[in-house]
Amino acid sequence: MDVLTPEVAAYGLFELRAAVDAQFTNPYDPDDVRVEAVFTGPGGEEYRVAGFWYIPYFRSTGATGVAVPLRQPGEFRVRFAPPRPGVWQYSLALYLSGRPVAVTGPASFTVEESASRGFIRIGDFPRAGFRYDDGTPFFGIGVNLAWWDRNPGDYDRWIPMLAEQGVNLIRLWMSPWSFGIEWQPGHLGHYDHRQEQAAQLDHVLALADRYGIKVLLVLINHGQFSTNVDAQWAGNPYNAANGGFLNEPHEFFTHPQAIDLFQRRLRYIVARWGHHPSILAWELWNEVNLTTGYAGEPVARWHETMSEFLRSIDPYGHLITTSFSNAQLEPSVWRLPHIDFTMTHFYNVSDMAATLLSLDGMKRAAYGKPTFSAEFGVSLDKARFDREGVFLHNGLWAGLFSPGAATPMSWWWNNYLEPNGLFHHFGQPHALFGPHRKPRFPRRAGAGACARRRARKRFDQHHLGLGRPSRRDRFHPPPRRHRHRSVGSSRLHHGLRLQHPPAPGSPAVPSGRRGPGPVRRAR
């Protein structure tokens, strides 16, 4: 075995390459062949970490970010993020057909101190938000970056730009046209043909680590098992028409072979990417209720099975969640013990602040777990009339004062936010409140509850356009040319002067999305 990272700090990457001299058929099938490592920390704590099959790729540093295979044979690797400094011991074991056939080690390595705060956890009291391992609170300021637009090099532009504005949370999809590792007819449970996508995800997660951005990693998008909403069932390798074994999309939730194959995929995902502190949570599904033949009971059982399995194989204990397009769904899923927090998706609402207060408050009270909105926005038709990002601005600021654990995460990153130069809106809440705390109204010496309520009321009226000001709190609106109408609302937001409006001749919002993903429907 070869150590590929001779120097490692706490929560950094320690990587091994294992030479396996044995005959096997499918390196992605743990029942055929698997490599496992046992790491023992300075205090005697043990971590059992699965190895994974790796095919070397070179990713270009140019604007395209193309990954090119190096024409080298595949190999087993082990990746581990030691959570504390000191001397660590490790050993490797090789299993063939479920039986141990070789053990190497023990060997040791030294972990240095680091400034990393560790992985994201649930807060220390019921209904709390998030915190790091070291106890530092984490409040997300986020946006969706589900897939690249023109090419994978887009992330080399987006992530630094957003990090500069204070964004600390993004959402990625393992979809067929981006980072998905299982989308080749005739190759279910075998990921050789998707190693380029795996190499791209390696790069993007390392980039997120470097810039301090956390990631919601969506493992399945609804279209893969839908015949009518962003439909991709016709090309799905599970489809019997493509050589698979499912006649209908909904059978994915109950068929024993489909369950075994997805657990195999989970094992590979955790082994290859679980060491990243940048991963805030595994999101099992995007909008699972949009799959064809959706039924609550089998979907809840599936989530129970997969969340328990995922928790049992993840040595780092990442958070687990899922999502629905309907805010009322699905109580039986949200109450599962290994679903750690709830999320909501909503579009085209007339009152952003009231919607967030209602949805976040309802879910936090009903399930006793952190919650926030992982998608929000307006249809592209309405977005064309909001070139200055009033709707985005209102969503971010309303999210700061809702019961949510993060701001709502805008959709349309590639064909609305970037073309109109709207990333700067994320910098405003970050600059005022910082990246690790949710806003609080400070207690002044001698100030009572009534004074604090008046201060908050004035803030809401001025920045969010909420409520009707009293005579004492009333302010004079600016001239009519400086008033901006909220998209989808009849309320004028007086005093809302947006920074850096687009220059004349700025690019128009395209009529449709650019890039390989599905068109998002008007909600």
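Within every chain, residues take consecutive numbers counted from 1 along the sequence as written. For a predicted model such as this one, the threshold for reporting local features is a pLDDT of at least 70, and the threshold for listing and counting side-chain atom pairs is 80 or more; totals across whole chains, interfaces and linings nevertheless cover every residue. Working from all heavy atoms in the structure, the side-chain values ignore hydrogens and water.

### A short note on the overall build of the protein chain
Broken down by element type, the protein chain carries 11 helices and 23 strands. Only protein chains enter the accessibility calculation, which uses a 1.4 Å probe; a residue is then buried when its area is under 20% of its type maximum, exposed when over 50%, and partly exposed in between. Counting all 523 residues of the protein chain, 57% fall into the buried class. Partitioning the contacts of the protein chain with sequence separation of at least 6, the portion at a separation of at least 24 is 71%. Here the open area of atoms and residues is found with the Shrake-Rupley method and a 1.4 Å probe, where only the protein chains shown may cover a residue. Here the protein chain has roughly 21,600 Å² of accessible surface; of this, 51% comes from carbon and sulfur atoms. Secondary structure elements are defined from DSSP: runs of H or I of at least 4 residues count as helices, runs of E of at least 2 residues count as strands, and each element is numbered from the N terminus. Note on definitions: a residue-residue contact is assigned when non-hydrogen atoms from the two residues lie within 4.5 Å.

### Describing the packing of aromatic side chains
The aromatic pairing rule takes the rings of Phe, Tyr and Trp, using the six-membered ring of Trp, and pairs them if the centres are within 6.5 Å, calling planes under 30 degrees apart stacked, those over 60 edge-to-face and the rest tilted. Summed over all chains, the structure comprises 53 aromatic pairs. Relative to Phe109, the ring of Phe39 lies with its centre 6.2 Å away and its plane at 85°, an arrangement referred to as edge-to-face. Of this pair, Phe39 sits in strand β4 (residues 33-40) while Phe109 sits in strand β11 (residues 99-112); the two residues are 70 residues apart in sequence, bridging distant segments of the chain. Residue classification places Phe109 among the buried positions, given a relative accessible area of 8%. A network of ring pairs unites the aromatic residues Tyr11, Phe14, Phe39, Tyr47, Phe80, Trp88, Tyr90, Phe109, Phe119 and Tyr316 as a single cluster. Seen from the ring of Tyr54, Arg77 lies directly overhead, with NZ or CZ sitting 3.9 Å from the centre. Definition used: whenever NZ (Lys) or CZ (Arg) falls within 6 Å of the ring centre and also within 35 degrees of the ring normal, the charge is taken to sit over that ring.

### What about helix α4 (residues 296-313)?
Since the α-helix turns once every 3.6 residues, residues separated by three or four places project in the same direction. In this scheme, a helix's expected span is set at 1.5 Å multiplied by one less than its residue total. When the terminal C-alpha atoms of α4 are compared, their 26 Å separation across 18 residues agrees well with the 26 Å that a helix rising 1.5 Å per residue should span. For α4, the complete set of buried residues consists of Gly296, Val299, Ala300, Trp302, His303, Met306, Ser307 and Leu310. Within α4, the buried residues cover an arc of 160° as seen down the axis, which keeps them to one side. Summarising the geometry of α4, the exposed residues directed more than 90 degrees from the buried face are Glu297 and Ser312. Of the surrounding elements, those touching the buried residues of α4 are α3 (256-273), β18 (279-283), β19 (319-321) and α5 (331-334). Throughout, the arc means the angular range of directions from the helix axis out to the C-beta atoms.

### Re the sheet that holds strand β14 (residues 137-138)
Reading across the sheet, the three strands line up as β12-β13-β14 and stay open at both edges, with antiparallel pairing between neighbours. This sheet does not close on itself; its edge strands, each paired only once, are β12 (120-122) and β14. Strand pairing is defined by DSSP finding a minimum of two bridges between the two strands.

### Details of the side chain of His345
Relative to the helices and strands, His345 is located in strand β20 (residues 342-347). Of the residues examined, His345 reaches a relative accessible area of 3% and is grouped as buried. Within the structure, His345 has its side chain in polar contact with the side chain of Glu287 (distance 2.7 Å). The term polar contact refers here to a pair of N or O atoms within 3.5 Å; inside protein, the definition further demands a hydrogen-donor-capable atom paired with an acceptor-capable atom, and it admits residues adjacent in sequence only when both atoms are side-chain atoms.

### Considering the sheet that holds β18
Pairing is parallel across the open sheet formed by five strands, whose spatial order is β15-β16-β17-β18-β19. Of all the strands in the sheet, the pair left with one neighbour each is β15 (142-144) and β19. In this sheet, neighbouring strand axes are inclined to one another by 25° on average, regardless of whether the strands run parallel or antiparallel. One ladder, built from three bridges, connects β15 with strand β16 (residues 169-173); its direction is parallel. If you follow Val143 over to β16, its bridge partner there is Ile170. Each axis is a line fitted through C-alpha atoms, taken for helices only over the stretch in contact, and angles between the N-to-C directions span 0 to 180 degrees.

### Concerning the pairing of strand β17 (residues 214-218)
Counting buried positions over the five residues of β17 gives five, a clear majority of the element. Residues Lys214, Leu216 and Val218 point to one face of β17 and Val215 and Leu217 to the other, with burial holding for every one of them. With five bridges joining them, β16 and β17 adopt parallel strand pairing. When the bridges of β17 are listed, Arg171 appears paired with Leu216. The parallel pair β16 and β17, bridged by helix α2 (residues 195-211), forms a crossover whose chirality is right-handed. Consider the strands pointing away from the viewer: the crossover is right-handed when the path from the first strand over the helix to the second runs clockwise. Chirality of the crossover, the property in question, places the unit of β17, α3 and β18 among those that are right-handed.

### Some thoughts on the environment of Phe119
In this structure, Phe119 sits in the loop between β11 and β12. Taking the C-alpha atoms as reference points, Phe119 and Tyr132, separated by 13 residues in sequence, lie 5.5 Å from one another. Leave out the neighbours within four places in its chain, and Phe119 touches Tyr11, Ala81, Arg131, Tyr132, Asp133, Gly274, His275, His276, Pro277, Tyr316 and His318.

### Here we look at the nonpolar core
To qualify as a nonpolar core, a set must consist of buried Ala, Val, Leu, Ile, Met, Phe, Trp, Tyr and Cys residues joined through side-chain atoms within 4.5 Å. The biggest cluster of nonpolar side chains holds 121 residues, and the ones touching the most others in it are Phe39 and Leu172. When residues in this core are grouped by element, the largest group, 10 residues, is from α3. Excluding residues within four positions of it along the chain, Phe39 makes contact with Phe14, Leu16, Glu45, Glu46, Tyr47, Val49, Val78, Phe80, Trp88, Gln89, Tyr90 and Phe109. Listed in part, the 16 residues of the second largest apolar core include Ala281, Met343, Phe372 and Met409.

### A look at empty space enclosed by the protein
Cavities and pockets are defined on a 1 Å grid built over the protein atoms alone: a cavity is a set of grid points where a 1.4 Å probe fits but cannot escape, while a pocket is an open set with protein on both sides within 12 Å along at least five of seven lines, and lining residues are those with an atom within 4 Å of any such point. Grid points are joined across faces, edges and corners, and a volume is the space filled by probe spheres set on the points. Counted under the stated rule, the structure contains four cavities of 30 Å³ or more. Around the second largest cavity, the lining is made up of 14 residues, and of these Pro27, Tyr28, Gly51, Arg267 and Tyr268 lie nearest the centre. Broken down by secondary-structure element, the contributors of at least two residues to the lining of the second largest cavity are β4, β6 (52-54) and α3.

### What about α2?
Spanning 17 residues, α2 covers 25 Å between terminal C-alpha atoms, matching the ideal 24 Å at 1.5 Å per step. Along α2, 12 of the 17 residues are buried, which leaves the element largely enclosed by surrounding structure. Within the sequence span of α2, burial applies to Gln195, Gln197, Ala198, Ala199, Gln200, Leu201, Asp202, His203, Val204, Leu205, Leu207 and Ala208. Phi turns positive, to about 70°, at Gly212, one or two residues after α2.

### Here we look at unusual backbone geometry
Looking along the chain, the bond that leaves Gly105 and enters Pro106 is cis, with omega of 5°. Within the secondary structure layout, Pro106 lies in strand β11. Looking along the chain, the bond that leaves Leu329 and enters Glu330 is cis, with omega of -5°. Backbone geometry at Tyr11 places phi at a positive 70°, although glycine is not the residue there. Following the sequence through the fold, Tyr11 ends up in the loop between β2 (8-9) and β3 (14-18). When its relative accessible area of 14% is taken as the criterion, Tyr11 is described as buried. A positive phi angle is found at Trp412, which is not glycine, with a value near 60°.

Interpretation note: all reported values are geometric properties and have no functional meaning in isolation.
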